[in-house]
Amino acid sequence: MSNISIIGTGYVGLSAAVCFASRGYQVIASTRSADKITQIRAQKAPFYEPALERMLSQTVESGSLKVVSDRAEAILRSDMTFISVATPNHADGSINLTYVNEACEEVGDALCDKKGYHLVVVKSTVVPGTTHAVLRPILEHAANKTAGDGFGLCVNPEFLRQGSSVHDTLHPDRVVIGEYDARSGKQLHELYDDFYSGAVPIMRMSLASAEMVKYASNSFLAMKVSYANEIAGVCERVPGVDITEVMDGVGVDPRINRKFLNAGPGFGGSCFPKDVSALMRFAESRGCTTSLLRAVLDVNTAQALHVAEQALTALGTVSGKRVALLGLAFKPQTDDTREAPALKIARKLMDAGADVCAYDPVVVKADVPGFGTLHSTRSIDECLRDADCCIIVTEWDQFKALTPGDFTRQMAAPVVIDARRIFDPVTFRSKLTYIAVGLYAPESTPRMTHTLLS
Ligand code: UDX
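Residues numbered from 1 in each chain as written. Predicted model: local features only at pLDDT ≥ 70, side-chain atom pairs only at ≥ 80, totals over all residues. Heavy atoms only, no water.

**Things to note about the sheet that holds strand β3 (residues 65-68)**
For step 1, the next point in the chain: Here eight strands make up an open sheet; going across it, the order is β3-β2-β1-β4-β5-β6-β7-β8 and the pairing mixed. Each edge of the open sheet carries a strand with a single partner, namely β3 and β8 (202-206). This sheet shows a mean twist of 25° between the axes of neighbouring strands, independent of strand direction. (Pairing = 2+ DSSP bridges. Helix = DSSP H or I, 4+ residues; strand = E, 2+ residues; numbered from the N terminus. Axes fitted to C-alpha atoms, helices over the stretch in contact; angles between N-to-C directions.)

What follows is the structure, encoded as structure tokens:
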């Protein structure tokens, strides 16, 4: 059984580390963050991911997972190294390879001192061509060895979702392996065949195709969300049309499928916005027009602002009015607020003079660009108290359980904007002012008789 080292302990690196370690592999993870090392050794996940924390605890306890700061030590004590450091974007949206370049430099340096063959696997998301044209030369130069001879080289994109990282790592739809040469690909293929007992399809292809699969997958999913949000905007102007019913009808077609067709306040997180932007910039740098990718991002930006507009319209005079946001994380089961729609909505409302407060079950502090730390409350009740409008921004289970009475009891004016479509329109409209993404608003337009709400 191979010994595995993993560089980077973000969602991807730590999930891979914990899952390999849980199946008996000896894993050494390395991170430069002293805080993360302390947390991991104390069996605590450095971010909110409950299932991961449970397995982290077991694997650290059993000794199958170790964490070190010295990357060279991790590499020298293993047979293969997964590089899973962040690849953020530059200000113009293009990919920033600083961390992955540095990691390759250090892997190469360590391989220079190591006898024998070692497999290097790039798990970080990089634009097509990067591993071959940028990372391979860095590795070869630092290692003073040649790829395919002195060391193996693969690309292995990761498709896990935050909030279900362990489940997704243990039960992926597919494993994609980009291989520099057949020997490299075969070694990684054998590792995954062993890890998944042959139960998961393994697809082997060129390095650059594997890199592209990740961007093409994320862009397609982001496109589905933006498509649902654009159709939702049309639904809001037609009596009797409800986006949820529409997408149920659309998604039953297996050529389309229902997943990622939930209209909402727009997508956020560390992947969709970053990867669509990076692909767009990459394509433009190659002389391609990317009207579709641009539209995916434009629709997404407009959607969060549209939700804020729904609130502003409902409020009328805004100054001094209080708006309660339920949910800050970009989706449930995570404490991540990167690119979260909640912050874009908060900013627009605050710009208009509203007093905004928020409650999220796991996010305790969030900053709104230009306004500083958002006023976070410790409970739903505290958040709703005396509010003139409430926006459901993240579909946490705690919020799904709320009844109209929970809002009418606490709020100064019971206006609910359901941006995640978690409530029943008929029940809520009978008790309070209920406005929702993708649902015709009878308050703003004369209501006609129709099947949905009559
Ligand atoms: C995504 C991809 O799903 C995953 O394969 C990749 O590895 C990383 O990026 P993640 O960002 O964790 O995962 O979250 P995901 O569940 O995909 O949701 C992304 C965003 O889209 C969230 O803000 C979510 O609320 C939004 N979304 C998703 C919708 O608004 N509607 C949907 O129907 C689905």
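**Details of the packing of helix α11 (residues 272-285) against helix α12 (residues 291-315)**
The relative placement of two packed helices is expressed as an angle between their axes plus a distance between the axes.
For step 1, the next point in the chain: Contact geometry for α11 and α12: axes closest at 10 Å, N-to-C directions at 150°. Relative to α12, the element α11 lies roughly antiparallel. The handedness of the crossing between α11 and α12 is left-handed. Mapping the contact onto sequence places Pro273, Val276, Ser277, Leu279, Met280, Arg281 and Glu284 in α11 and Leu293, Arg294 and Leu297 in α12.
For step 2, the next point in the chain: Broken down by class, the residue content of the contact of α11 with α12 amounts to six nonpolar, one polar and three charged. (Parallel < 35°, antiparallel > 145°, perpendicular 65-115°, else oblique. Left-handed = near helix turned anticlockwise from the far one by under 90°. Contact = heavy atoms within 4.5 Å. Nonpolar A, V, L, I, M, F, W, Y, C, P; charged D, E, K, R; others polar.)

**Quick word on unusual backbone geometry**
For step 1, the next point in the chain: Not every positive phi belongs to a glycine, and Asn144 is a case in point at roughly 55°.
For step 2, the next point in the chain: On the secondary structure map, Asn144 appears in the loop between α6 (130-143) and β6 (151-155).
For step 3, the next point in the chain: Residues other than glycine seldom take positive phi values, yet Gln333 does so here, at roughly 65°.
For step 4, the next point in the chain: Position of Gln333 among the secondary structure elements: in the loop between β9 (322-326) and α13 (341-351).

**What about the packing of helix α9 (residues 207-235) against α12?**
For step 1, the next point in the chain: It is at 9 Å that the axes of α9 and α12 come closest, and there the two elements cross at 50°. Taken together, the axes of α9 and α12 lie oblique to each other. Crossing geometry of α9 relative to α12 is assigned as left-handed. For the pair α9 and α12, the contacting residues are Ser219, Ala222, Met223, Ser226, Asn229 and Glu230 in the first and Leu292, Leu293, Val296, Val299, Asn300 and Gln303 in the second.

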